[in-house]
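# A structural walkthrough
Here's the letter readout for the chains.
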Amino acid sequence: MKDLKKIKSALISVYHKDKLDVIVKKLNELGVELYSTGGTQSFIEGLNIPVTAVENLTGGRVKTLHPKIFGGILNRRDNAGDQDQIAQYEIPEIDLVIVDLYPFEETVASGASEEDIIEKIDIGGIALIRGTAKNFNDVIIVSSRDQYEDFIELLNTKNGESTLEDRKEFARKAFATSSHYDSAIFNYFNGAGINDKNRISLNDGKVLRYGENPHQSATFYKFDNADSKVTLANAEVLQGKELSYNNLLDADAAWKSASDAYHAVTHIKNKVAVSVIKHLNPCGLAVTDNILKSLDLAWEGDPISAFGSIICFTDTVTAEVAEWFGKKFVEIIIAPAFTPEALEIFAKKKNLRLLVTPVKAETTGEKLFRSISGGMLVQDEDEGMDSEFKNVTKIQFDSNKMNLAKFGITACKHLKSNAIAIVTEKEDGSFWLTGAGMGQPNRLDSMRQLTMPRFDLKEGVKIEESVVISDAFFPFRDSIEAANEYGVKYIVEPGGSIRDEEVIEACDEFGIAMLFTGRRHFKH
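Attention here is on the structure that accompanies the text. (Residues numbered from 1 in each chain as written. Predicted model: local features only at pLDDT ≥ 70, side-chain atom pairs only at ≥ 80, totals over all residues. Heavy atoms only, no water.)

### Concerning the pattern of salt bridges
Stated formally: Salt bridges, as used here, are contacts in which a Lys or Arg side-chain nitrogen is within 4 Å of a carboxyl oxygen on Asp or Glu. Secondary structure elements follow DSSP: runs of H or I of four or more residues count as helices, runs of E of two or more count as strands, with numbering from the N terminus. Per-residue accessibility, obtained with a 1.4 Å probe over protein chains only, is compared with the maximum for each type, and a residue is labelled buried under 20%, exposed over 50%, and partly exposed between these values.
Under the definition given, this model contains 28 salt bridges. We note a salt bridge from Asp-260 to Lys-360, for which the minimum N-O separation is 3.3 Å. With a gap of 100 residues between them, Asp-260 in helix α11 (residues 245-264) and Lys-360 in the loop between β15 (353-356) and β16 (367-372) connect regions that are remote in the sequence. Residue Asp-260 shares its accessibility class with Lys-360, and that shared class is buried. Close ionic contact of Lys-413 with Asp-260 constitutes a salt bridge, the shortest N to O distance being 3.6 Å. On the criterion of sequence distance, the pair formed by Lys-413 in helix α15 (residues 402-413) and Asp-260 in helix α11 is long-range, its members being 153 residues apart. Assigned by exposure class, Lys-413 and Asp-260 land together as buried.

This is how it looks when you write it as structure tokens:
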């Protein structure tokens with residue numbers, strides 16, 4: 001083949017040396033002349049393989065960042081002018097470069113000092129990667145230890161030769177390596193806030209079966225620093241079918257809502273939160289002092305929608321919990337851990353996915369990214385609890401219901417806007433989501449189309465003792481009138497409407513106590 005190139009010389013200078021010995025031995029077997037420096041040169045010499053020190057080429061302390069090195073890499077074999085200069089200055093041709101970069105991201109993640117972090121900004125390596133990748137017509141670049149396996153296979157199958165397609169593919173990977181590295185450095189200097197400039201580097205994408213619908217393609221990526229944090233993306237999959245696009249979205253919603261509910265409830269010792277998610281909305285959410293009790297209440301929140309749902313626990317799933325599911329169909333179960341006995345029971349449901357991940361921290365500082373046509377929106381995650389609770393009605397809001405109100409705010413903020421949540425406290429102090437209206441274009445419809453409006457059918461639910469939460473202000477009194485028809489006596493909303501007084505007057509008229517929080521929780 002016309003574009004086949006034989007590797008006759010190689011420059012090797014790497015930080016990580018795992019599996020490098022296999023490559024070096026194969027190159028030596030193929031008669032490739034090796035150039036190296038520093039620790040890599042010592043490593044090769046330790047294998048009893050001949051290697052020429054780069055200093056012998058450059059004639060001084062300057063090593064890889066030298067015209068003789070870059071001349072040999074950038075030399076275009078079919079360009080007469082380049083060939084004249086190669087001969088004139090006695091520059092050796094280099095056909096292969098194996099180089100990796102200082103571990104900048106790992107150093108940042110370790111909490112090292114700024115001095116140590118800056119020291120890990122690679123200069124020579126990044127230049128070698130870019131220069132070699134640019135001349136992919138003649139030279140092949142291996143820019144990361146993650147590519148060693150692919151390169152070893154190339155050496156073994158093609159006997160030290162490469163096609164233009166091979167070299168171009170390694171060049172593609174090289175520019176991915178360099179751009180990712182530069183993004184990591186930029187993001188370190190850019191800080192954690194939202195600024196006018198941002199860099200997102202997505203690597204090692206996992207192609208999914210399809211996207212939101214079968215005719216849409218989709219890929220799942222982890223963010224750069226996901227491995228060093230507790231995230232849903234880092235969850236360990238123990239069993240089940242491959243996760244789909246929709247599965248990942250719903251699993252994230254389940255994990256976040258259960259974790260937030262866990263943090264919101266502070267009066268229960270040995271608390272366990274359980275979330276039941278369907279199409280990104282909690283159709284069930286409960287916090288009690290017992291995992292089975294939480295599961296019962298969360299499921300009872302909307303047992304019809306719970307079919308085919310995603311469940312998240314904030315405590316270890318036991319055999320008793322696994323037996324509870326019996327013939328019930330759910331897509332995914334998430335928990336910090338599963339006992340061996342529980343895993344044995346779940347193994348009978350081969351398609352059921354089991355994910356292990358710790359409870360999400362109360363605040364993470366994560367950013368939310370969302371694309372629009374031709375652009376990207378970035379915002380802070382909606383984290384933390386509301387801190388202002390202002391009684392605005394003649395009737396005082398029962399102070400004993402403040403914990404329930406906070407749980408309700410958490411439940412409501414995870415529902416799609418316009419969102420209404422009704423939460424109830426049982427006699428034993430357990431909290432649960434007993435009604436939810438979400439995703440309607442107006443607030444009145446969300447109030448009237450609650451998932452379980454027939455509260456008299458729910459054991460232990462007294463609507464007059466429950467609390468209604470709205471994710472945003474009521475623009476008119478009509479929603480208060482609808483709440484009154486249910487028998488609601490406690491409402492929490494942000495306030496801020498030009499008709500707040502009209503809404504407050506309606507509450508006073510019907511004997512309803514209302515709190516303003518001053519904090520909206522839209523979720524689109």
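Back to the text.
### Quick notes on the state of the cysteines
Cysteine pairs can be linked by a disulfide, which is a covalent bond between their two sulfur atoms. Cut-off, in case you're wondering: Throughout, a disulfide means two cysteine sulfur atoms within 2.5 Å of one another.
Applying the stated rule across the entire model yields 0 disulfides. Among the cysteines around Cys-412, which has no disulfide bond, Cys-283 carries the closest sulfur, lying 15 Å off. Under the relative-accessibility criterion, Cys-412 is labelled buried at 1%. Of all cysteine sulfurs in the structure, the one in Cys-412 sits closest to Cys-507, which takes part in no disulfide; the separation is 16 Å. Assessed through its relative accessible area of 0%, Cys-507 is described here as buried.

### Observations concerning unusual backbone geometry
Between Ser-417 and Asn-418 the backbone carries a cis peptide bond, its omega angle lying at -5°. Structurally, Asn-418 is set in the loop between α15 and β19 (420-425). In the Ramachandran plot, Asn-48 falls in the positive-phi region, its phi being about 60° despite a non-glycine side chain. In this structure, Asn-48 sits in the loop between α2 (38-46) and β4 (52-53). Notably, Asn-159 is not glycine yet its phi reads approximately 55°, a positive angle. Summarising the element assignment, Asn-159 is placed in the loop between α9 (148-158) and β7 (161-162).

### What to know about the sheet that holds strand β13 (residues 309-313)
The criterion, for reference: Criterion used throughout: strands pair if DSSP finds at least two bridges between them. We call two residues contacting when some pair of their heavy atoms lies within 4.5 Å. Where helices are involved, their axes are fitted lines through C-alpha atoms of the stretch in contact, as for all axes, and angles between N-to-C directions lie from 0 to 180°.
Strand order across the open sheet formed by 12 strands is β10-β15-β14-β13-β11-β12-β20-β19-β21-β22-β23-β18, with mixed pairing between neighbours. In this open sheet, the two edge strands, each paired with only one partner strand, are β10 (236-239) and β18 (390-391). Bridge analysis of β19 against strand β20 (residues 431-437) gives 6 bridges, and the strand direction is antiparallel. Bridged to Val-423 within β20 is Leu-433. Its contacts with the sheet place α11 against β11 (272-278), β12 (281-288), β13, β14 (330-335) and β15, and it is angled at close to 150° to β11.

### Brief notes about the side chain of Thr-424
Quick reminder of the rule: In protein, a polar contact requires one atom able to donate a hydrogen and another able to accept it; more generally it is a pair of N or O atoms within 3.5 Å, and residues adjacent in sequence count only if both atoms are side-chain atoms.
Note that Thr-424 resides in strand β19. A relative accessible area of 2% places Thr-424 in the buried class. Of note is the side chain of Thr-424, whose polar atom sits 2.7 Å from the side chain of Ser-466.

### Topic: α15
Inclusion rule: Under the convention used throughout, the expected extent of a helix is 1.5 Å for every residue step, that is, one less than its residue count.
Along its 12 residues, α15 runs 17 Å from first to last C-alpha, staying within 8% of the 16 Å computed at 1.5 Å per residue. Extensive coverage of α15 is indicated by the burial of 10 of its 12 residues. Looking only at α15, the buried set comprises Met-402, Leu-404, Ala-405, Phe-407, Gly-408, Ile-409, Thr-410, Ala-411, Cys-412 and Lys-413.

### Things to note about the packing of helix α1 (residues 20-29) against α9
Here is the rule we go by: Roughly parallel covers angles under 35 degrees, roughly antiparallel covers those over 145, roughly perpendicular covers 65 to 115, and oblique covers all other angles. Take the far helix as the reference: if the near one is turned anticlockwise from it by less than a right angle, the crossing is left-handed, and if turned clockwise, right-handed. We call Asp, Glu, Lys and Arg charged. Ala, Val, Leu, Ile, Met, Phe, Trp, Tyr, Cys and Pro are nonpolar, and the rest, Gly among them, are polar.
Where α1 contacts α9, the two axes come as close as 10 Å, and the packing angle between them is 20°. When the axes of α1 and α9 are compared, the pair comes out roughly parallel. When the axes of α1 and α9 are compared, the crossing they make is left-handed. Residue-level contacts link Leu-20, Val-22, Ile-23, Lys-26 and Leu-27 of α1 to Tyr-148, Phe-151, Ile-152, Leu-155 and Asn-156 of α9. By residue class, the composition of the contact of α1 with α9 is 8 nonpolar, 1 polar and 1 charged.

### Topic: a nonpolar patch on the surface
Stated formally: Here, patches come from residues exposed beyond 30% relative accessible area and free of salt bridges, joined within 9 Å for like charges and within 5 Å for nonpolar side chains (Val, Leu, Ile, Met, Phe, Trp, Tyr). For accessible areas, the Shrake-Rupley method is used with a probe of radius 1.4 Å. Any residue's cover is judged against the shown protein chains and nothing else.
A cluster of nonpolar residues, Ile-200, Leu-202, Tyr-221, Phe-223 and Met-376, forms a patch on the protein surface that exposes about 440 Å² of accessible area. Following the sequence through the fold, Met-376 ends up in strand β17 (residues 375-380).

### Description of helix α5 (residues 80-88)
Its side-chain oxygen at 3.0 Å from the backbone nitrogen of Gly-81, Asn-79 defines the N-terminal cap of α5. Glu-90 lies just past α5 and shows a positive phi near 55°.

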